[in-house]
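Tertiary structure, described
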Amino acid sequence: MLDLKRIRFETDTVKDALAKRADPDLAGYIEEALQLDEERRRIIQTVEELKARRNEASKVIAERKKAGEDASALIAEMRDVAASIAELDTQLDAGASRIEELLLEIPNTPLPPVPAGDESANRFIRSWGEPIEPSDWRKPHWEIGAALGILDLERGAKLSGSGFPVYMGAGAVLLRALINLMIDVHRKEHGYVEVQPPYLVRSETMRGTGQLPKLADDAYHIGGDDLWLIPTAEVPLTNLHGGELLGPGDLPRHYVAYTACFRREAGAAGRDTRGVLRIHQFDKVELVRFERPEDSETALEDLTRHAEKILQLLDVPYRVVLLAAGDMASSSSMTYDLEVWSPGVERWLEVSSCSNCTDYQARRAGIRFRRERGAKPEFVHTLNGSGLALPRTVIAILENFQNQDGSVELPEVLHPYVGGTRIEPV
């Protein structure tokens, strides 16, 4: 969340930055938070004055009782003062709760390079590889997967409903090979520490990274235990250090994890329903970094290049896009999307989002550090990125490496992992 003091003292700067997100509700949230903050500070001053008056009166009452004088009027007055303090404390609690609700709804402020507007304002940064031209014999991945016997959407729907695919035979091997390749590269070449986190987390864990309250409708909740199926490994990885004060030598920290991910995609009904373009359960390798504030912008470039390395090893054409403010996740201050070319549907498909969340998540999750012993604690900067999401990586391989005879060549880097060079039709 944003720092309330920053909103108070840099109001115009915060408003101008948030205006880039093109959300008309945000200005109202800021104004309400400021009004409640001003009222809260006024009430605190009144409470302090009443408490000072009560302390003075307590001394006078004690002196009068000691002298045998009547103190009943002053005692009655103090009863009224105590009642006023209790009422004002109730108002303070209500105001603080509402301010917290507002701060949880207000997104992160975009960094200066981020374009204003919605996804139509996204900015092309660079590309790698040459997109394959469409041809009559090229098929979309769902037809290739069915012909090869490696993707069974019908049986997945029978088991769990639409959006839950089953990978069979060489398809399951391909999925596992990609996961192992990604983990190996990020761990051995890029220096990330591998983690295997839980798939179920508590509400405060979801709140710490910004999934709650904004994205509650897109997540799967287990009500009896108040646990949530993770929508991404970003959630448990970032919260590994929730509530912690890291020491002078503890930063940076870089983690990588493979997990299944679960998303209801409540707001996406009817879109991209063919194949595995948009599904409710999918696999992903996630990268999360904890950095000093002055290092986070450079760290975002490194993180993005690390995700790109996987696509280069797979020899898949892709492009890098800087997201406009209105197209970013609420926790992000700057995001690069990596998009692979899909000749089967003739579209660029997002396969990774790499984001700098500055101190937004750290404030929600209470993750701080000291630069040196005895120094004032500061909030860390958190970053995350997919390295990579598996479904669209599989799409890119099937559609870019398909042959006219129906077989699919496998990228050379995968040969040791799968023990072969191609997938043949069944």
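For the structure, check the block above.
One structure accompanies this document, and this report is about it.

Here Ser296 lies in helix H10 (residues 296-313). Among the residues examined, Ser296 registers a relative accessible area of 2% and is labelled buried. Polar side-chain contacts of Ser296 include one of 3.1 Å to the side chain of Asn356. Side-chain polar atoms of Ser296 contact the side chain of His381, separated by 2.9 Å. Excluding residues that lie within four positions of it along the chain, Ser296 makes contacts with Glu291, Asn356, His381 and Leu383.

Moving on, we get to helix H7 (residues 170-189). Taking 1.5 Å of rise per residue, the 20 residues of H7 would be expected to cover 28 Å, and the 27 Å separating its terminal C-alpha atoms lies within 8% of that figure. One or two positions beyond H7, positive phi appears at Gly191, with a value near 80 degrees.

Moving on to the nonpolar core. If you look at the biggest cluster of nonpolar residues, it comprises 61 residues, and the most contacted ones within it are Leu178, Leu314, Val340, Leu388, Ile397 and Leu414. Per element, the largest residue contribution to this core is nine residues, and it comes from H7. When neighbours within four sequence positions are excluded, Leu314 is seen to be in contact with Leu178, Leu181, Thr393, Ile397, Phe401, Pro411, Val413 and Leu414.

Further remarks concern the packing of H7 against H10. Helix-helix packing is characterised by the crossing angle of the two axes and by the distance between the axes. Packing of H7 against H10 brings their axes to within 10 Å, and their N-to-C directions diverge by 130 degrees. As far as their axial angle goes, H10 and H7 are oblique. In the packing of H7 onto H10, the handedness of the crossing is right-handed. Between H7 and H10, the contacting residues are Met182, Val185, His186 and Glu189 on the first element and His306, Ala307, Lys309, Ile310 and Leu313 on the second. Tallied by class, the residues present in the contact of H7 with H10 amount to five nonpolar, two polar and two charged.

Its location among the elements puts Val14 in helix H2 (residues 11-19). For Val14, a relative accessible area of 1% puts it in the buried group. With residues near it in sequence (within four places) discarded, Val14 still touches Leu2, Arg6, Ile7, Ile30 and Thr109.

This part is about the state of the cysteines. In this structure the tally under the stated criterion is zero disulfides. Cys354 provides the cysteine sulfur closest to Cys261, a residue in no disulfide bond, and the two sulfurs are 14 Å apart. Given the relative accessible area of 0%, Cys261 is considered buried. With no disulfide of its own, Cys357 lies 11 Å from the sulfur of Cys354, the closest cysteine sulfur.

Enumeration according to the criterion identifies 26 salt bridges in this entry. We note a salt bridge from Arg363 to Asp3, for which the minimum N-O separation is 3.6 Å. Taken as a pair, Arg363 in helix H11 (residues 360-365) and Asp3 in the segment before helix H1 (4-9) lie far apart in primary sequence, 360 residues in all. Glu378 is paired through a salt bridge with Arg371; the nearest N and O atoms lie 2.6 Å apart.

Here we come to the environment of Leu349. Mapped onto the fold, Leu349 is located in strand E13 (residues 347-356). Residues Leu349 and Ile395, spaced 46 residues apart in sequence, show a C-alpha to C-alpha distance of 9.2 Å.

For Arg363, a relative accessible area of 23% puts it in the partly exposed group. In the structure, Arg363 is positioned eleven residues away from Gly374 in sequence and 20 Å away in space, judged by C-alpha atoms. Leaving out residues up to four positions away in the same chain, Arg363 has contacts with Met1, Leu2, Asp3 and Phe379.

Of all ten residues in E13, seven are buried, a share of seventy percent or more. Two elements, strand E12 (residues 334-342) and E13, share nine bridges in a ladder whose sense is antiparallel. Bridge pairing in E13 links Ser342 to Arg347. When E13 meets strand E16 (residues 381-389), the two strands line up antiparallel, connected through three bridges.

In total, this model carries three aromatic pairs according to the counting rule given. A ring pair is formed by Tyr255 and Phe290, whose centres lie 6.0 Å apart and whose planes are at 75 degrees; its orientation type is edge-to-face. Taken as a pair, Tyr255 in strand E9 (residues 253-262) and Phe290 in strand E10 (residues 281-291) lie far apart in primary sequence, 35 residues in all.

This paragraph deals with unusual backbone geometry. Here the bond from Leu251 into Pro252 is cis, since omega is 0 degrees, no more than 30 degrees from zero. You can see Pro252 is positioned in the loop between strand E8 (245-246) and E9. Gly387 connects to Leu388 through a cis peptide bond whose omega is 25 degrees. By the element assignment, Leu388 lies in strand E16. One non-glycine residue, Ala22, lies in positive phi territory at about 60 degrees. Positive phi, normally seen in glycine, also occurs at Asp315, with a value near 60 degrees. Here Asp315 lies in the loop between H10 and strand E11 (318-322).

Across a sheet, paired strands are connected by hydrogen bonds in the backbone, their directions being either parallel or antiparallel. Pairing within the open sheet is antiparallel, and its three strands lie in the order E5-E7-E6. A single partner strand is all that each edge strand has here, and the edge strands are strand E5 (200-202) and strand E6 (221-222). Across three bridges, the pairing between E5 and strand E7 (residues 227-229) is antiparallel. Across the sheet, residue Arg202 finds its bridge partner in E7, namely Leu227.

Reading the values: rules and limits
- Residues numbered from 1 in each chain as written.
- Predicted model: local features only at pLDDT ≥ 70, side-chain atom pairs only at ≥ 80, totals over all residues.
- Heavy atoms only, no water.
- Helix = DSSP H or I, 4+ residues; strand = E, 2+ residues; numbered from the N terminus.
- Buried < 20%, exposed > 50% of the residue type's maximum accessible area, 1.4 Å probe, protein only.
- Polar contact = N/O pair within 3.5 Å; in protein donor to acceptor, adjacent residues only side chain to side chain.
- Contact = heavy atoms within 4.5 Å.
- Expected span 1.5 Å × (residues − 1).
- Core = buried A, V, L, I, M, F, W, Y, C linked by side-chain atoms within 4.5 Å.
- Axes fitted to C-alpha atoms, helices over the stretch in contact; angles between N-to-C directions.
- Parallel < 35°, antiparallel > 145°, perpendicular 65-115°, else oblique.
- Left-handed = near helix turned anticlockwise from the far one by under 90°.
- Nonpolar A, V, L, I, M, F, W, Y, C, P; charged D, E, K, R; others polar.
- Disulfide = S-S within 2.5 Å.
- Salt bridge = Lys/Arg side-chain N within 4 Å of Asp/Glu carboxyl O.
- Pairing = 2+ DSSP bridges.
- Phe/Tyr/Trp six-rings, centres within 6.5 Å; stacked < 30°, edge-to-face > 60°.

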